[in-house]
Amino acid sequence: MEFIRAFLVGGSICAVGQILIDKTKLTPARILVLFVTLGVVLTAIGVYEPLVKFGGAGATVPITGFGYSLAKGALKEVKEKGLLGAFMGGISSTAGGIAAAIFFGYLIALIFSPKEK
Amino acid sequence: MEQGLTKKEYEKYVQKKMPKSPVIKNTIKAFIIGGIICIVGQVVSNYFKGRGMSVEEAGGATAIVMVLLGALLTGLDIYDGIAKHAGAGTIVPITGFANSIVSPAMEFKSEGYVLGMASKMFVIAGPVLVYGIIASIVVGIISFIVKTL
């Protein structure tokens, strides 16, 4: 059941992205920026957390979920550390993903070369 | 499939079955492929939770694995093949974030390892981090002010 929920929520978020790409002039890069920011804002106003509770990875795997982690980390650390937490929380809670993206991104690009087009 | 159908006839048959509007067709494809990627994420996340990780730890570990998968499939030239059909279905998941790093990095490797590969890694990922992190700091500051008042 949780797999179906992940499929439905994740699929829906991607479908919204596709409609934006087809119906507006937004490029994929702008969609990613828009979605990560939207993830932060929706988390801040308490809308995204229920979506994560319901959809699991369906809500956390899309890039909006990256925004969710950023915002959640910032809010949590503000509670613990005060203003310092606003600066530390976001990156702390997403450190794994960011570090992995840099490390594996570099490694894979080092090993493989683009195919001839 | 029936025997004796030529490739052209089959293509016609497929076209007839597909929704007419390209927007609807694209959206359905993005939905299905994006959804499948999230199911993979759920499987990975369940594995980590099963090994006793907390929800936060499992989330971080899942992000790492999904990024690795996205990067690897990009290197193997598989991800872009899927992306041709899936559009946002492969762009929006975190695997697409990894793809956006590896693709330009490979492309510009020939221009050197510093200003070619390493700097071009962040052509798309950079703006995502800039806006995402700024937004999270703003949210943190607002919540601090609200708590202090």
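In this text the structure is predicted, and so the values were computed from the model without any measurement.

> Describe the overall build of chain A, naming the residues involved and giving the relevant values.
The number of helices and strands found in chain A is 6 helices and 0 strands. For chain A, the α and β elements follow one another from N to C terminus as α-α-α-α-α-α. Over its C-alpha atoms, taken along the principal directions, chain A stretches across nearly 50 × 35 × 35 Å. A total of 117 residues make up chain A; the buried ones form 56% of that total. Counted over contacts in chain A with a minimum sequence separation of 6, partners at least 24 positions apart contribute 57%.

> Account for the nonpolar core, naming residues and giving values.
Counting 78 residues, the largest nonpolar core has A:Leu32, A:Ile63, A:Ala101, B:Val67, B:Ile94, B:Phe97 and B:Ala98 as its most contacted members. Looking at this core, the element that brings in the most residues is helix H3 (residues 55–75) of chain B, giving 10 residues. With residues up to four places along the chain from it excluded, the contact list for B:Ala98 reads A:Ala101, A:Phe104, A:Gly105, B:Val67, B:Gly70, B:Ala71 and B:Thr74.

> Could you give me a rundown of the environment of B:Leu73, with the residues and numbers involved?
Following the sequence through the fold, B:Leu73 ends up in helix H3. Residues in contact with B:Leu73, not counting those within four places in the same chain, are B:Ile78 and B:Tyr79.

> Can you lay out helix H8 (residues 122–148) of chain B for me, pointing to particular residues and giving the numbers?
A turn of α-helix holds 3.6 residues, and therefore any two residues three or four places apart point the same way. For H8(B), with 27 residues, the first-to-last C-alpha span of 37 Å sits near the 39 Å given by 1.5 Å per residue. If you check which residues of H8(B) are buried, you get B:Ile124, B:Ala125, B:Val128, B:Gly132, B:Ile133, B:Ala135, B:Ser136, B:Ile137, B:Val139, B:Gly140, B:Ser143 and B:Phe144.

> Mind laying out the interface of chain A and chain B, listing which residues take part and the relevant values?
At the junction of the two partners, chain A supplies 65 residues and chain B supplies 60 residues. Looking at the side of chain A that touches chain B, the elements that each hand over two or more residues are helix H1 (2–23), helix H2 (28–44), helix H4 (57–60), helix H5 (63–81) and helix H6 (83–111) of chain A. The residue makeup of the side of chain A that touches chain B, split by class, is 42 nonpolar, 19 polar and 4 charged.

> Which residues make up unusual backbone geometry, and what values go with them?
Residue and element names in this part refer to chain B. Although it is not a glycine, Asp77 adopts a positive phi angle of roughly 65 degrees. By secondary structure assignment, the location of Asp77 is in the loop between H3 and helix H4 (79–86). Accessibility expressed as a C-beta count within 10 Å gives 13 for Asp77, which makes it partly exposed.

> Tell me about H2(A), residues and numbers included.
Helix length check: H2(A) (17 residues) gives 24 Å between terminal C-alpha atoms against 24 Å at 1.5 Å per residue, within 8%. Every buried residue of H2(A) is listed here: A:Pro28, A:Ile31, A:Leu32, A:Val33, A:Phe35, A:Val36, A:Thr37, A:Gly39, A:Val40, A:Thr43 and A:Ala44. The inward-facing, buried residues of H2(A) contact H1, helix H3 (48–55) and H5 of chain A together with helix H5 (88–91), helix H6 (94–107) and H8 of chain B. With its phi angle positive at about 80 degrees, A:Gly46 sits one or two positions after the end of H2(A).

> Any chance you could break down the environment of B:Lys109 for me, citing the residues and the numbers?
When you line up the elements, B:Lys109 lands in the loop between H6 and helix H7 (113–120). In contact with B:Lys109, not counting residues within four places along its chain, are A:Ala109, A:Ser113, B:Gly116 and B:Met117.

> Hey, could you go over the packing of H6(A) against H3(B) for me, with residue numbers and the actual values?
Where H6(A) meets H3(B), the axes come as close as 9 Å, and the angle between the chain directions of the two elements is 20 degrees. Between H6(A) and H3(B), the angle falls in the class roughly parallel. The crossing of H6(A) and H3(B) is right-handed. Here A:Gly96, A:Gly97, A:Ala100, A:Ala101, A:Phe104, A:Gly105, A:Ile108 and A:Ile111 of H6(A) lie close against H3(B), whose contacting residues are B:Gly60, B:Ala61, B:Ala63, B:Ile64, B:Val67, B:Leu68, B:Ala71, B:Leu72, B:Thr74 and B:Gly75. Counted by class, the contact of H6(A) with H3(B) contains 12 nonpolar, 6 polar and no charged residues.

> Tell me about the packing of H1(A) against helix H2 (residues 22–50) of chain B, residues and numbers included.
Interaxial distance between H1(A) and H2(B) falls to 6 Å at its minimum, and their mutual angle equals 140 degrees. Between H1(A) and H2(B), the angle is such that the two are oblique. In this structure, H1(A) crosses over H2(B), and the sense of that crossing is right-handed.

Definitions and cut-offs
Residues numbered from 1 in each chain as written. Chains lettered and ligands numbered in written order. Predicted model: local features only at pLDDT ≥ 70, side-chain atom pairs only at ≥ 80, totals over all residues. Helix = DSSP H or I, 4+ residues; strand = E, 2+ residues; numbered from the N terminus. Buried ≥ 20, exposed ≤ 12 C-beta atoms within 10 Å, placed from the backbone. Contact = placed C-beta atoms within 7 Å. Core = buried A, V, L, I, M, F, W, Y, C linked by C-beta atoms within 7 Å. Expected span 1.5 Å × (residues − 1). Nonpolar A, V, L, I, M, F, W, Y, C, P; charged D, E, K, R; others polar. Axes fitted to C-alpha atoms, helices over the stretch in contact; angles between N-to-C directions. Parallel < 35°, antiparallel > 145°, perpendicular 65-115°, else oblique. Left-handed = near helix turned anticlockwise from the far one by under 90°.

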